[in-house]
Amino acid sequence: MLHADLAFDDLPAPLGLIEGGFSIGRSRVQLVQHRMLRAVLLEGADRIVAIVLERFADDPEGIEHVVDAPDGLIQEHLDELEEYPLDFAALTIDRRRRAIRYTASPTISIPVYCLATESRARFDWDYARLLGPGHHEVVWDYALAHIAGISTYGPATMLSGLHRATAGATLVVTTAGVKAILPEPVRHDGPRELPPGVDIETLFRETVISILDARPLDPRRTAVELSGGMDSALTALATAHLTGDGAMSIGAQFDGAMGEAQRARRLLLCRAGGFADLSLPADRYAPFAPQSLRRHRHQVWPEDENYPEIFEAAFHMLRAAGIDTLVSGFGGDELYFSYRGEAEEEGGTAEPPPCPFLTARGMATALGARSTYPSAWLQQTCWQSAASQSQRVLRYGLWPVYPYLNVALARFVSRLPASFRRDRHLLRRTLTRWLGDPVFETTYVKESFDPVARRGISENRVYLQQLIEQSPLSHHGEIDTAAILSALAGDVHRMDRATYNALFRVLKLACFLQAEPPLE
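Computed from a prediction, not measured in an experiment: that's the story for all the values here.

Calculation notes
Residues numbered from 1 in each chain as written. Predicted model: local features only at pLDDT ≥ 70, side-chain atom pairs only at ≥ 80, totals over all residues. Heavy atoms only, no water. Helix = DSSP H or I, 4+ residues; strand = E, 2+ residues; numbered from the N terminus. Rg over C-alpha atoms; globule rule 2.2 N^0.38 Å. Buried < 20%, exposed > 50% of the residue type's maximum accessible area, 1.4 Å probe, protein only. Contact = heavy atoms within 4.5 Å. Lys, Arg positive; Asp, Glu negative; His and termini not counted. Charge placed at Lys NZ, Arg CZ, Asp CG, Glu CD. Salt bridge = Lys/Arg side-chain N within 4 Å of Asp/Glu carboxyl O. 1 Å grid on protein atoms, 1.4 Å probe; cavity = no way out; pocket = protein on both sides within 12 Å on 5 of 7 lines; lining within 4 Å. Points joined across faces, edges and corners; volume = space filled by probe spheres on them. Nonpolar A, V, L, I, M, F, W, Y, C, P; charged D, E, K, R; others polar. Axes fitted to C-alpha atoms, helices over the stretch in contact; angles between N-to-C directions. Parallel < 35°, antiparallel > 145°, perpendicular 65-115°, else oblique. Pairing = 2+ DSSP bridges. Core = buried A, V, L, I, M, F, W, Y, C linked by side-chain atoms within 4.5 Å. Polar contact = N/O pair within 3.5 Å; in protein donor to acceptor, adjacent residues only side chain to side chain.

Q: What should I look at first to understand the overall build of the chain in this one?
A: A count of helical and extended segments in the chain gives 18 helices and 19 strands. Taken over C-alpha atoms, the radius of gyration comes to 23 Å for the chain, in line with the 24 Å a tight globule of 520 residues would show. The buried share among the 520 residues of the chain stands at 56%. Relative to all contacts within the chain whose residues are 6 or more apart in sequence, the contacts with residues 24 or more apart total 74%. For the chain, the separation between the mean place of its 52 positive charges and that of its 66 negative charges on side chains is 2 Å.

Q: For this particular structure, what's the right way to read the pattern of salt bridges?
A: Pairing between side chains of opposite charge can happen when their charged atoms approach one another. Applying the stated criterion across every chain, the model contains 32 salt bridges. Linking Glu 201 and Arg 429 is a salt bridge whose minimum nitrogen-to-oxygen distance equals 2.9 Å. Taken as a pair, Glu 201 in helix α4 (residues 200-213) and Arg 429 in helix α13 (residues 425-435) lie far apart in primary sequence, 228 residues in all. Overall, the relative accessible area of 12% leaves Glu 201 in the buried class. For Arg 429, a relative accessible area of 27% translates into the label partly exposed. Salt bridges sharing partners connect three or more residues here, namely Asp 199, Glu 201, Arg 429 and Arg 433.

Q: Help me understand empty space enclosed by the protein, please; the structure alone is not making it clear to me.
A: Unfilled space is identified by rolling a water-sized probe across the atoms. Enumeration according to the criterion identifies seven cavities of 30 Å³ or more in this entry. The space that makes up the largest cavity amounts to roughly 130 Å³. Tyr 113, Arg 164, Glu 303, Gln 384 and Ala 387 are the residues nearest the centre of the largest cavity, which is lined by 14 residues in total. At four residues, the largest contribution of residues to the lining of the largest cavity is made by helix α10 (residues 380-395). In terms of residue class, the lining of the largest cavity is made up of eight nonpolar, three polar and three charged.

Q: What's the story with the packing of α4 against helix α11 (residues 407-414) in this structure? I'm lost.
A: A pair of packed helices is captured by two measures, namely the crossing angle of their axes and the spacing between those axes. Relative orientation of the contacting elements α4 and α11 amounts to 170 degrees, with a least axis distance of 11 Å. Judged by the inter-axis angle, α4 sits roughly antiparallel to α11. Within the contact between the two elements, α4 uses Ile 200, Leu 203, Phe 204, Thr 207, Val 208 and Ile 211 and α11 uses Leu 409, Phe 412 and Val 413. Residue classes in the contact of α4 with α11 are distributed as eight nonpolar, one polar and no charged.

Q: Honestly, the sheet that holds strand β11 (residues 120-124) in this entry has me stumped. Any pointers?
A: Two orientations exist for strands paired in a sheet by backbone hydrogen bonds: parallel and antiparallel. Here seven strands make up an open sheet; going across it, the order is β2-β3-β4-β1-β11-β10-β12 and the pairing antiparallel. Sheet topology places β2 (15-18) and β12 (162-164) at the edges, where each strand pairs with a single neighbour. On average, adjacent strands in this sheet sit at an angle of 20 degrees to one another, irrespective of strand direction. Of the pairings in the sheet, the one linking strand β1 (residues 2-7) to strand β4 (residues 27-31) comprises four bridges and is antiparallel in character. Bridging across to β4, Ala 4 finds its partner in Val 29.

Q: Please clarify how the nonpolar core should be interpreted in this entry.
A: Side chains of a nonpolar character, in soluble globular proteins, are inclined to be buried together. Residues Tyr 102, Phe 123 and Ile 457 are the most contacted members of the largest nonpolar core, which totals 159 residues. With 11 residues, helix α18 (residues 497-513) is the largest single contributor of residues to this core. The contact partners of Tyr 102, leaving out residues within four places of it in the chain, are Met 1, Leu 2, Ala 89, Ala 90, Leu 91, Val 112, Phe 123, Ala 165, Ala 169, Thr 170 and Leu 171. Counting residues in hydrophobic clusters, the runner-up holds 14 residues, among them Val 49, Ala 69, Ile 74 and Tyr 84.

Q: Could you clarify how one ought to interpret the side chain of Arg 47 in this entry?
A: You can see Arg 47 is positioned in strand β6 (residues 47-54). With a relative accessible area of 14%, Arg 47 lands in the buried category. Of note is the side chain of Arg 47, whose polar atom sits 3.2 Å from the side chain of Gln 75. If we skip the residues at most four places from it in the chain, Arg 47 touches Leu 42, Asp 71, Ile 74, Gln 75, Leu 78, Thr 92, Ile 93 and Asp 94.

Q: In this structure, what is going on with the sheet that holds strand β8 (residues 88-94)? I would like to understand it.
A: The seven strands lie next to each other as β7-β5-β6-β8-β9-β13-β14, forming an open sheet whose pairing is mixed. Each edge of the sheet is formed by a strand with only one pairing partner; in this case those strands are β7 (62-66) and β14 (177-181). The sheet shows a mean angle of 15 degrees between the axes of neighbouring strands, direction not considered. With four bridges joining them, strand β9 (residues 99-104) and strand β13 (residues 170-174) adopt antiparallel strand pairing.

Q: Could you clarify how one ought to interpret the side chain of Glu 312 in this entry?
A: Here Glu 312 is to be found in helix α7 (residues 308-320). According to the relative accessible area criterion, Glu 312 is buried, its value standing at 14%. There is a polar contact of 2.6 Å between the side chain of Glu 312 and the side chain of Tyr 396. Setting aside its immediate chain neighbours within four residues, Glu 312 contacts Leu 293, Arg 392, Arg 395 and Tyr 396.

Below, the structure is given as structure tokens:
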């Protein structure tokens, strides 16, 4: 939630206020400024603490600056964050110990990245700006894990020396380097029987509404993502319940039979929510096209949203329409996990299949890099989904609101009997009662970008082949470059799903690591 360049030699210098932040000597800290946020700047004798928080509807905007803050007051503010229900981040500068700490909330909708040397520490929510034009060594264990589709979620990244803030963790930066303090693991206490007479669908609906109502939503400046899927359906309808008719909705529209069914669901939802809808033809925004940001190094992190091309266009339109807040259904899938012994749990624990583009040794290396992040009420993929959009939303002046990324909601759903969590029955039934139409219980087939993505690979085949041939990936002994090029030369539209998914991951990584200037 900030952009900072801090020299350790500057830390004892006097603090000065600048537009949107503060200075210490020649060092600068710029806090993210947005209507949905507030900030507290505590200036003590030994510590400076800057806290950026998602604000409640009745909170003041702007930056509260406390001069000569006693250490007890500073610690009180930091301790209160442990129970803060919305997103936050805290930067602590210890003048005496020459140390900098960055602490992220358990929901972390906007991760910050960090590059540090013996003399300075740089933080930025915009990784492309932070990385700049310089060369950065690849951490190959993590790169191979990405190709294999194995999560490496944690403070370390696939670029040497680049760290990221992660859920509930603290990065501690000193002249000796960067250390991460991870949160304590959460022990899930399992499902419980419901008391007689509880209307669980109404309770679920009202909980999502209350999570949104806590924030200062402005009907004229709020939009909802409306894909036609279940997760965004509920968050969109809950938003409309608060804003009334006329809130803007936006989504990608697909072709074919899948697109027809999606169009019917979106129309049903638009009528129910009274949305002013804007749909973008997905077929026009295929990945890897010449105008895509992917064609420039470091512009799209390999773990980012798979289709930034269409989201770039969508967010540009929202900004032009005066929108500054976007409500999304990210994290909805992860609410309905299964416990050990429940039917669906077995499939979720299987080892990933061998990757067609890695040697056996490369696959073993990838498995060794698998994330061991402490368990939490929210699932890793929740944080990864939010991170995948964070660069794009902030670049367009949008603040993302993810109602499902809420610890209290996740705890509530995790304690429901399996019959409510299985196949997301709770969500399906809640939508049927709200809409008066059982479409999400009877005929729902989830929309997919796959046909558009496969076409993007096929139409940009020559560029992608050259990209792979010139990529540092082609020089790694555990990556089968010949197999990658053979897959690119084949019929992408008939490729089996496992090979296609692996190819897409390889291409995203090759784009991120490409040389500059970009290929023509």
